[in-house]
Amino acid sequence: MFFKLVGVLSTIKEMLVTRSLHRFRRQSMCYRAGLHSILLHKIQMFGSDAERCYILQTLRAISTYSVIQVQSVCWGTDMAAAVNGEGTKDIDGKASPTLYGGKHNEMEAKMKHLNLSFAACGFLGIYHLGAASALYRHGKKLLKVVKAFAGASSGSLIATVLLTVPENIEDCTNITYEFAEDTRKLYFGALTPGYDFMAKLRGFIDSILPPNAHEIAENRLFVSVTSVKNGKNHLLSNFASREDLVQVLLASSFIPLYAGINPVDYKGQKWIDGGLTNGLPILPVG
(Lines give C-alpha, C1' and ligand atoms only; values in the text may rest on other atoms or scores of the structure.)
Protein backbone atom coordinates (compact mmCIF):
# COMPACT_ATOMS: atom_id res chain seq x y z
CA MET A 1 0.00 0.00 0.00
CA PHE A 2 2.82 2.33 0.93
CA PHE A 3 4.69 1.64 -2.31
CA LYS A 4 1.50 2.25 -4.34
CA LEU A 5 1.06 5.62 -2.60
CA VAL A 6 4.67 6.56 -3.37
CA GLY A 7 4.11 5.55 -7.01
CA VAL A 8 0.96 7.69 -7.26
CA LEU A 9 2.75 10.66 -5.70
CA SER A 10 5.67 10.25 -8.11
CA THR A 11 3.27 10.15 -11.05
CA ILE A 12 1.49 13.29 -9.83
CA LYS A 13 4.87 15.02 -9.39
CA GLU A 14 5.93 14.11 -12.92
CA MET A 15 2.60 15.38 -14.27
CA LEU A 16 3.00 18.69 -12.42
CA VAL A 17 6.60 19.11 -13.63
CA THR A 18 5.59 18.29 -17.21
CA ARG A 19 2.67 20.69 -17.01
CA SER A 20 4.94 23.41 -15.64
CA LEU A 21 7.41 22.85 -18.44
CA HIS A 22 4.69 23.05 -21.09
CA ARG A 23 3.29 26.13 -19.41
CA PHE A 24 6.79 27.70 -19.37
CA ARG A 25 7.21 26.94 -23.05
CA ARG A 26 3.82 28.41 -23.87
CA GLN A 27 4.58 31.48 -21.78
CA SER A 28 7.98 31.78 -23.43
CA MET A 29 6.42 31.57 -26.88
CA CYS A 30 3.78 34.12 -25.95
CA TYR A 31 6.46 36.34 -24.45
CA ARG A 32 8.53 36.16 -27.62
CA ALA A 33 5.53 36.82 -29.84
CA GLY A 34 4.46 39.73 -27.68
CA LEU A 35 8.00 41.06 -27.57
CA HIS A 36 8.36 41.07 -31.34
CA SER A 37 4.98 42.79 -31.65
CA ILE A 38 6.15 45.49 -29.25
CA LEU A 39 9.41 45.90 -31.16
CA LEU A 40 7.55 46.28 -34.44
CA HIS A 41 5.30 48.87 -32.85
CA LYS A 42 8.26 50.81 -31.48
CA ILE A 43 10.06 50.68 -34.83
CA GLN A 44 6.96 51.96 -36.62
CA MET A 45 7.00 54.96 -34.30
CA PHE A 46 10.20 56.06 -36.02
CA GLY A 47 8.16 56.59 -39.16
CA SER A 48 8.87 55.81 -42.79
CA ASP A 49 12.57 56.57 -42.38
CA ALA A 50 13.15 53.48 -40.26
CA GLU A 51 10.95 51.28 -42.43
CA ARG A 52 13.20 51.86 -45.41
CA CYS A 53 15.99 49.76 -43.94
CA TYR A 54 15.29 46.69 -41.85
CA ILE A 55 18.91 46.62 -40.67
CA LEU A 56 18.18 49.98 -39.05
CA GLN A 57 14.97 48.56 -37.62
CA THR A 58 16.82 45.68 -36.01
CA LEU A 59 19.65 47.81 -34.67
CA ARG A 60 17.21 50.25 -33.12
CA ALA A 61 15.23 47.41 -31.60
CA ILE A 62 18.38 45.85 -30.13
CA SER A 63 19.60 49.20 -28.81
CA THR A 64 16.22 49.88 -27.20
CA TYR A 65 15.72 46.42 -25.73
CA SER A 66 18.66 44.43 -24.39
CA VAL A 67 17.12 41.10 -25.23
CA ILE A 68 19.93 38.58 -25.04
CA GLN A 69 18.15 35.63 -23.48
CA VAL A 70 15.36 35.42 -26.02
CA GLN A 71 16.42 32.79 -28.56
CA SER A 72 14.44 33.27 -31.74
CA VAL A 73 15.00 32.91 -35.46
CA CYS A 74 13.52 36.39 -35.82
CA TRP A 75 16.83 37.81 -34.65
CA GLY A 76 18.47 36.34 -37.75
CA THR A 77 16.96 39.36 -39.57
CA ASP A 78 18.75 38.45 -42.77
CA MET A 79 21.60 40.85 -42.03
CA ALA A 80 23.87 38.53 -43.97
CA ALA A 81 21.46 38.72 -46.88
CA ALA A 82 21.50 42.50 -46.82
CA VAL A 83 25.27 42.89 -46.46
CA ASN A 84 26.52 39.89 -48.43
CA GLY A 85 23.71 39.47 -50.93
CA GLU A 86 23.14 35.81 -50.08
CA GLY A 87 19.38 35.74 -50.32
CA THR A 88 16.97 34.80 -47.54
CA LYS A 89 19.32 33.19 -45.05
CA ASP A 90 20.22 33.51 -41.41
CA ILE A 91 23.69 34.55 -40.39
CA ASP A 92 24.63 30.89 -39.99
CA GLY A 93 23.68 30.21 -43.62
CA LYS A 94 20.45 28.31 -42.96
CA ALA A 95 17.23 29.22 -44.69
CA SER A 96 15.12 31.48 -42.50
CA PRO A 97 11.34 31.67 -42.26
CA THR A 98 9.37 34.73 -43.26
CA LEU A 99 10.27 37.54 -40.89
CA TYR A 100 7.47 39.06 -38.85
CA GLY A 101 4.79 37.13 -40.75
CA GLY A 102 5.20 38.76 -44.16
CA LYS A 103 7.00 41.96 -43.17
CA HIS A 104 10.23 40.52 -44.55
CA ASN A 105 8.96 40.50 -48.13
CA GLU A 106 7.86 44.10 -47.78
CA MET A 107 11.23 45.20 -46.48
CA GLU A 108 13.08 43.11 -49.04
CA ALA A 109 11.19 44.94 -51.80
CA LYS A 110 12.18 48.26 -50.29
CA MET A 111 15.80 47.13 -50.19
CA LYS A 112 15.73 47.02 -54.00
CA HIS A 113 15.95 50.82 -53.96
CA LEU A 114 18.33 51.64 -51.15
CA ASN A 115 19.60 55.15 -50.42
CA LEU A 116 22.35 56.18 -48.03
CA SER A 117 22.25 59.55 -46.26
CA PHE A 118 24.79 61.21 -43.95
CA ALA A 119 23.68 63.86 -41.47
CA ALA A 120 25.33 67.22 -40.80
CA CYS A 121 27.71 66.99 -37.86
CA GLY A 122 30.80 69.22 -38.30
CA PHE A 123 34.08 67.64 -37.27
CA LEU A 124 32.11 64.72 -35.84
CA GLY A 125 32.06 63.61 -39.45
CA ILE A 126 35.02 61.48 -38.43
CA TYR A 127 32.40 59.03 -37.13
CA HIS A 128 30.73 59.06 -40.54
CA LEU A 129 34.11 58.20 -42.03
CA GLY A 130 34.36 55.25 -39.67
CA ALA A 131 30.97 53.97 -40.82
CA ALA A 132 31.87 54.60 -44.47
CA SER A 133 35.17 52.76 -44.03
CA ALA A 134 33.35 49.76 -42.51
CA LEU A 135 30.90 49.72 -45.42
CA TYR A 136 33.72 49.87 -47.94
CA ARG A 137 35.63 47.04 -46.24
CA HIS A 138 32.80 44.71 -45.32
CA GLY A 139 29.72 45.81 -47.26
CA LYS A 140 30.81 46.20 -50.86
CA LYS A 141 27.89 44.12 -52.10
CA LEU A 142 25.54 46.34 -50.15
CA LEU A 143 27.10 49.48 -51.63
CA LYS A 144 26.55 48.09 -55.12
CA VAL A 145 22.77 48.19 -54.63
CA VAL A 146 22.71 51.72 -53.20
CA LYS A 147 20.86 53.85 -55.74
CA ALA A 148 21.57 57.30 -54.33
CA PHE A 149 23.77 59.03 -51.76
CA ALA A 150 22.77 62.14 -49.84
CA GLY A 151 24.25 64.38 -47.20
CA ALA A 152 24.30 67.75 -45.51
CA SER A 153 27.32 69.82 -44.50
CA SER A 154 30.20 67.48 -43.55
CA GLY A 155 27.86 64.55 -44.26
CA SER A 156 27.75 65.57 -47.92
CA LEU A 157 31.54 65.33 -48.11
CA ILE A 158 31.55 61.76 -46.77
CA ALA A 159 28.68 60.79 -49.09
CA THR A 160 30.65 62.18 -52.04
CA VAL A 161 33.82 60.32 -51.14
CA LEU A 162 31.98 57.04 -50.58
CA LEU A 163 30.27 57.37 -53.97
CA THR A 164 33.07 58.71 -56.15
CA VAL A 165 36.31 57.46 -54.64
CA PRO A 166 35.71 55.02 -51.74
CA GLU A 167 39.28 53.71 -51.92
CA ASN A 168 40.45 57.11 -50.59
CA ILE A 169 38.44 56.93 -47.36
CA GLU A 170 41.55 56.22 -45.27
CA ASP A 171 43.34 59.23 -46.77
CA CYS A 172 40.23 61.28 -46.13
CA THR A 173 40.25 60.21 -42.49
CA ASN A 174 43.90 61.23 -42.02
CA ILE A 175 43.33 64.61 -43.66
CA THR A 176 40.27 65.20 -41.47
CA TYR A 177 42.33 64.52 -38.34
CA GLU A 178 44.98 66.97 -39.51
CA PHE A 179 42.35 69.55 -40.44
CA ALA A 180 40.71 69.32 -37.02
CA GLU A 181 44.03 69.44 -35.16
CA ASP A 182 45.26 72.47 -37.10
CA THR A 183 42.00 74.29 -36.40
CA ARG A 184 42.09 73.46 -32.69
CA LYS A 185 45.65 74.75 -32.34
CA LEU A 186 44.54 78.23 -33.34
CA TYR A 187 43.77 80.60 -30.48
CA PHE A 188 40.18 81.24 -31.64
CA GLY A 189 39.82 78.15 -33.78
CA ALA A 190 38.31 78.80 -37.20
CA LEU A 191 37.39 82.31 -36.02
CA THR A 192 41.05 83.30 -35.69
CA PRO A 193 41.72 86.45 -37.78
CA GLY A 194 43.49 85.63 -41.03
CA TYR A 195 42.49 81.95 -41.01
CA ASP A 196 40.61 80.96 -44.16
CA PHE A 197 38.50 77.94 -43.25
CA MET A 198 36.93 77.64 -46.70
CA ALA A 199 40.28 77.75 -48.50
CA LYS A 200 41.51 74.94 -46.27
CA LEU A 201 38.36 72.94 -46.94
CA ARG A 202 38.70 73.59 -50.68
CA GLY A 203 42.22 72.18 -50.65
CA PHE A 204 40.97 69.13 -48.78
CA ILE A 205 38.23 68.49 -51.35
CA ASP A 206 40.56 69.02 -54.31
CA SER A 207 43.09 66.55 -52.93
CA ILE A 208 40.50 63.79 -52.53
CA LEU A 209 38.02 63.93 -55.41
CA PRO A 210 38.93 62.42 -58.80
CA PRO A 211 38.71 64.47 -62.04
CA ASN A 212 35.47 62.75 -63.09
CA ALA A 213 33.77 63.01 -59.68
CA HIS A 214 30.95 65.14 -61.12
CA GLU A 215 30.15 62.49 -63.73
CA ILE A 216 29.90 59.77 -61.09
CA ALA A 217 27.83 61.99 -58.80
CA GLU A 218 25.38 63.17 -61.47
CA ASN A 219 21.82 62.33 -60.34
CA ARG A 220 23.17 59.93 -57.71
CA LEU A 221 24.47 62.42 -55.16
CA PHE A 222 22.03 64.79 -53.44
CA VAL A 223 23.59 67.64 -51.49
CA SER A 224 21.57 69.68 -49.01
CA VAL A 225 22.08 73.46 -49.25
CA THR A 226 20.22 76.51 -47.94
CA SER A 227 19.33 79.49 -50.10
CA VAL A 228 20.28 82.84 -48.57
CA LYS A 229 17.58 84.54 -50.63
CA ASN A 230 14.57 82.80 -49.11
CA GLY A 231 15.98 80.43 -46.47
CA LYS A 232 14.60 77.38 -48.25
CA ASN A 233 16.35 74.05 -48.56
CA HIS A 234 17.41 72.56 -51.88
CA LEU A 235 18.81 69.15 -52.75
CA LEU A 236 21.22 69.63 -55.64
CA SER A 237 22.10 66.64 -57.79
CA ASN A 238 23.11 68.04 -61.19
CA PHE A 239 26.76 68.90 -61.66
CA ALA A 240 27.92 70.12 -65.06
CA SER A 241 31.57 70.09 -64.03
CA ARG A 242 33.88 69.11 -61.22
CA GLU A 243 34.01 72.76 -60.17
CA ASP A 244 30.22 72.79 -59.84
CA LEU A 245 30.38 69.79 -57.53
CA VAL A 246 33.12 71.38 -55.43
CA GLN A 247 31.17 74.64 -55.10
CA VAL A 248 28.02 72.80 -54.01
CA LEU A 249 29.98 70.87 -51.36
CA LEU A 250 31.55 74.10 -50.10
CA ALA A 251 28.12 75.73 -49.95
CA SER A 252 26.68 72.82 -47.98
CA SER A 253 29.50 73.20 -45.43
CA PHE A 254 29.43 77.00 -45.11
CA ILE A 255 28.45 77.91 -41.56
CA PRO A 256 27.96 81.69 -41.42
CA LEU A 257 30.64 83.51 -39.37
CA TYR A 258 32.40 80.26 -38.45
CA ALA A 259 33.43 79.57 -42.06
CA GLY A 260 33.48 83.21 -43.15
CA ILE A 261 31.31 86.19 -43.91
CA ASN A 262 30.57 85.84 -47.61
CA PRO A 263 28.29 82.89 -48.53
CA VAL A 264 29.26 80.59 -51.39
CA ASP A 265 28.20 81.81 -54.80
CA TYR A 266 26.80 79.14 -57.12
CA LYS A 267 24.91 79.80 -60.35
CA GLY A 268 24.24 83.41 -59.44
CA GLN A 269 22.82 82.68 -55.99
CA LYS A 270 24.22 82.70 -52.47
CA TRP A 271 24.16 79.45 -50.50
CA ILE A 272 24.99 78.41 -46.94
CA ASP A 273 25.10 75.26 -44.81
CA GLY A 274 22.41 72.74 -45.76
CA GLY A 275 22.32 71.41 -42.20
CA LEU A 276 20.52 74.57 -41.11
CA THR A 277 17.36 73.58 -43.00
CA ASN A 278 17.72 69.85 -43.69
CA GLY A 279 20.32 68.10 -41.60
CA LEU A 280 19.46 64.60 -42.78
CA PRO A 281 18.22 64.49 -46.38
CA ILE A 282 15.65 61.75 -46.98
CA LEU A 283 14.91 61.10 -50.64
CA PRO A 284 11.29 60.60 -51.74
CA VAL A 285 12.01 57.28 -53.48
CA GLY A 286 13.71 54.41 -51.68
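Per an unreviewed UniProt entry, the chain is named PNPLA domain-containing protein, and its organism is Phrynocephalus forsythii.

Asks: What am I meant to see in the overall build of the chain here?
Replies: A tally of helices and strands in the chain yields 12 helices and six strands. In the chain, which comprises 286 residues, the proportion classed as buried is 39%. In the chain, 66% of the contacts between residues at least 6 apart in sequence involve partners at least 24 apart. Within the structure as shown, the chain displays about 16,500 Å² of accessible surface, and the carbon and sulfur contribution to it stands at 60%.

Asks: Hey, could you run me through the packing of aromatic side chains in this one?
Replies: Here a ring pair, both rings aromatic, is described through the centre-centre distance and the interplanar angle of the planes. By the definition in use, this model includes four aromatic pairs. Ring geometry for Phe123 versus Phe179: centroids 5.6 Å apart, planes at 85°, classification edge-to-face. You can see Phe123 sitting in the loop between strand S1 (114-118) and helix H6 (125-138) and its partner Phe179 sitting in helix H9 (residues 169-185), a full 56 residues away along the chain. Take Phe123: its relative accessible area is 32%, and that puts it in the partly exposed class. Members of the aromatic cluster, connected to one another through ring pairs, are Phe123, Phe179, Phe197 and Tyr258.

Asks: Any chance you could explain unusual backbone geometry here in plain terms?
Replies: In terms of backbone geometry, most residues other than glycine have negative phi values and most peptide bonds are trans. The phi angle at Leu257 is positive, at roughly 75°, despite the residue not being glycine. Structurally, Leu257 can be placed in the loop between helix H12 (242-252) and strand S5 (264-266). Overall, Leu257 belongs to the exposed group, its relative accessible area being 67%.

Asks: What's the story with the pattern of salt bridges in this structure? I'm lost.
Replies: Pairing between side chains of opposite charge can happen when their charged atoms approach one another. Scanning the entire structure with this criterion turns up seven salt bridges. Lys200 is the salt-bridge partner of Asp182, the closest N and O atoms lying 3.5 Å from each other. Of the two residues, Asp182 is situated in helix H9 and Lys200 in helix H10 (residues 197-208); the sequence distance between them amounts to 18 residues. Residue classification places Asp182 among the partly exposed residues on the basis of a relative accessible area of 31%. It is possible to trace a salt-bridge network through shared partners that takes in Arg202, Asp206, Arg242 and Glu243.

Criteria and cut-off values
Residues numbered from 1 in each chain as written. Predicted model: local features only at pLDDT ≥ 70, side-chain atom pairs only at ≥ 80, totals over all residues. Heavy atoms only, no water. Helix = DSSP H or I, 4+ residues; strand = E, 2+ residues; numbered from the N terminus. Buried < 20%, exposed > 50% of the residue type's maximum accessible area, 1.4 Å probe, protein only. Contact = heavy atoms within 4.5 Å. Areas by Shrake-Rupley, 256 points an atom, 1.4 Å probe, with all protein chains shown as cover. Phe/Tyr/Trp six-rings, centres within 6.5 Å; stacked < 30°, edge-to-face > 60°. Salt bridge = Lys/Arg side-chain N within 4 Å of Asp/Glu carboxyl O.

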